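Each chain, written out:
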Amino acid sequence: MNDNIHGGVKWQSPSNIAIVKYWGKSPKGPQIPQNPSVSFTLTKCSTETSIFYEASDRFGLHFRFDGKENPEFQTKIAEFLKQQTSSFPFLNEMDLHINSHNTFPHSSGIASSASSMSALVLCLLDIERELHGEKDMDTKKASCLARLASGSACRSVFPKMALWGTTEAFPGSSNEYAVSLENEIHPIFKSYHDSILIVSDAKKEVSSRAGHALMDTNPYAEVRYAQARQHTATLLEVLKAGDLEAFCHITESEAMQLHALMMCSEPSFILMKPNTLRIINTLYAFRKETDIPVCFTLDAGPNVHILYPDRDAELVERFIMDELERYCVDGTWIADRVGDGPSRC
Ligand code: PMV
């Protein structure tokens, strides 16, 4: 490769929160999901990644997270890049200096591989574009490569909402990449807030890799996959119609199923904390009293995502401050909302 080749690229990419959850990998291929999943793309919880590249006689990686070396991430990224040399042949003759940082508070217990891996892939595709003088970013390719880096990352490259996984309910859906739902949803969902209540800032008890693997022997796996397929089909109609009551019902059922699956795995895990349950019960009471269509979802951990439309933001945020903040670590919650997807910086 020409020794003069060098340059820099930078992307900011958000995390996403699943409404229908991806939990279980299919043996049919790398990072192929057992069921379709649907998510909101977030705004505040995002990763900013820059890569400075220069021609070299071999592949070289210098990774820094928040300005410091991070051996755990370095290994994960090196492993992914080595697998991607057929997609990005330039990697064999390039020194990469990667700097990455998350825009959400440190130690919030939200380790987002979706934002970091989608930002990384977008940077790599930009380097490829610069080297080949191409114009447009190929989002399908970006989503596909992000999936290989970290399954749910494939949904982060799209604004507002995305669907990943083949379903008869959505022509053009695929197990290999996500598709945008931006033009398939009622406008109210584009205004959604996600207030993330930090119940614990400890590192995840079970990695998602280990969690997915537990589904291989979970006695309820097939029932779960069928239910997730049904939830996806129904949710797509609900999103179109703007049916907030049905949205709350599916969202909470999905969160509970994810945690129930972990409880009946072998070995079994309880990922909720006492304060997770306190928040859920307080939320139920508030919804009953006010009739506001506010609901919760959970990732594979104890933190609670409170979801509501912008028109109810004032009342719900007052409720969070008055009644839920007390259950959060140092009163921490992140006022995130549905966003426009990644951007070049
Ligand atoms: O993308 P992974 O392998 O980190 O798995 C994500 C799993 C959940 O966050 C629990 C659900 C989802 O669909 O995002």
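What you see is a predicted model; the values in this text were computed from it and never measured.

A.B. asks: Talk me through helix H8 (residues 274-290); I want residue IDs and the actual numbers.
C.D. replies: With 17 residues, H8 extends 25 Å between its outermost C-alpha atoms, agreeing within 8% with the 24 Å of an ideal straight helix rising 1.5 Å per residue. The set of residues buried in H8 consists of Thr276, Ile279, Ile280, Thr282, Leu283 and Phe286. Elements in contact with the buried residues of H8: strand S10 (193-197), helix H7 (244-263), strand S11 (295-298), strand S12 (304-308) and helix H9 (313-324). With its phi angle positive at about 65°, Asp291 sits one or two positions after the end of H8.

A.B. asks: Describe the side chain of Gln84, with residues and values.
C.D. replies: Looking at the secondary structure, you find Gln84 in the loop between helix H1 (71-83) and strand S7 (94-102). Those residues in contact with Gln84, other than ones at most four positions away along the chain, are Leu91, Leu145 and Leu148.

A.B. asks: So what's going on with the sheet that holds S12? Residues and values would help.
C.D. replies: Read from one edge of the open sheet, 4 strands run S11-S12-S10-S13, paired in antiparallel fashion. Each end of this open sheet is capped by a strand with a single partner; those strands are S11 and strand S13 (333-337). With direction set aside, neighbouring strand axes in the sheet form an average angle of 25°. One ladder, built from 5 bridges, connects S10 with S13; its direction is antiparallel. Residue Leu197 lies in a different strand from S13, and its bridge partner there is Trp333. In the packing of H7 onto the sheet, contacts are made with S11 and S12, and the angle to S11 comes to roughly 30°.

A.B. asks: Could you give me a rundown of the packing of aromatic side chains, with the residues and numbers involved?
C.D. replies: By the definition in use, this model includes 11 aromatic pairs. When the ring of Phe286 is compared with that of Phe319, the centres are 3.9 Å apart and the planes differ by 10°; the resulting orientation is stacked. With Phe286 in helix H8 and Phe319 in helix H9, this pair connects stretches of sequence that are 33 residues apart. Residue class for Phe286 comes out buried when judged on its relative accessible area of 11%. On the accessibility criterion, Phe319 (4% relative accessible area) is buried.

A.B. asks: How would you summarise the site of the ligand if you had to cite specific residues and measurements?
C.D. replies: Close to the ligand lie Ala18, Lys21, Tyr22, Trp23, Ser150, Gly151, Ser152, Arg155, Ser208, His212, Leu258 and Asp299, which account for all nearby residues. Here an oxygen atom of the ligand sits 2.7 Å away from a polar atom, N or O, in the side chain of Ser208. Measuring from an oxygen atom of the ligand, one finds a side-chain N or O atom of Asp299 at 2.8 Å. Protein burial of the ligand: of its 380 Å² of free accessible surface, 91% is covered by the chains. The class makeup of the residues in the shell around the ligand is 4 nonpolar, 5 polar and 3 charged. Looking at the shell around the ligand, you find at least three residues from each of domain 1 (6-182) and domain 2 (185-337).

A.B. asks: I'd like a rundown of the domain arrangement of the chain, residues and numbers included.
C.D. replies: One can read the domain layout of the chain as domain 1 (6-182) and domain 2 (185-337). At the junction of the two partners, domain 1 supplies 35 residues and domain 2 supplies 46 residues. Both faces combined, the contact of domain 1 with domain 2 buries some 3,400 Å², and carbon together with sulfur accounts for 67% of it. Area buried by domain 1 at its contact with domain 2 is led by Ile19, Lys21 and Trp23, which between them contribute 24% of it. Linking domain 1 with domain 2 are 1 salt bridge, by the criterion used here. For Lys203, the salt bridge identified is with Glu72, shortest N-O distance 3.8 Å. Along the contact surface separating domain 1 from domain 2 lie 13 residue pairs in polar contact (both at pLDDT 80 or more). For the side of domain 1 that touches domain 2, the secondary structure elements donating two or more residues are strand S1 (6-20), strand S4 (37-55), H1 and strand S8 (161-164). Looking at which element gives the most residues to the side of domain 1 that touches domain 2, the answer is S4, with 7 residues. For the side of domain 1 that touches domain 2, the class distribution of residues is 19 nonpolar, 9 polar and 7 charged.

Rules used throughout
Residues numbered from 1 in each chain as written. Predicted model: local features only at pLDDT ≥ 70, side-chain atom pairs only at ≥ 80, totals over all residues. Heavy atoms only, no water. Helix = DSSP H or I, 4+ residues; strand = E, 2+ residues; numbered from the N terminus. Expected span 1.5 Å × (residues − 1). Buried < 20%, exposed > 50% of the residue type's maximum accessible area, 1.4 Å probe, protein only. Contact = heavy atoms within 4.5 Å. Pairing = 2+ DSSP bridges. Axes fitted to C-alpha atoms, helices over the stretch in contact; angles between N-to-C directions. Phe/Tyr/Trp six-rings, centres within 6.5 Å; stacked < 30°, edge-to-face > 60°. Near = heavy atom within 4 Å. Polar contact = N/O pair within 3.5 Å; in protein donor to acceptor, adjacent residues only side chain to side chain. Areas by Shrake-Rupley, 256 points an atom, 1.4 Å probe, with all protein chains shown as cover. Nonpolar A, V, L, I, M, F, W, Y, C, P; charged D, E, K, R; others polar. Domains from an automatic or database assignment. Buried area = accessible area lost by both parts, 1.4 Å probe. Salt bridge = Lys/Arg side-chain N within 4 Å of Asp/Glu carboxyl O.

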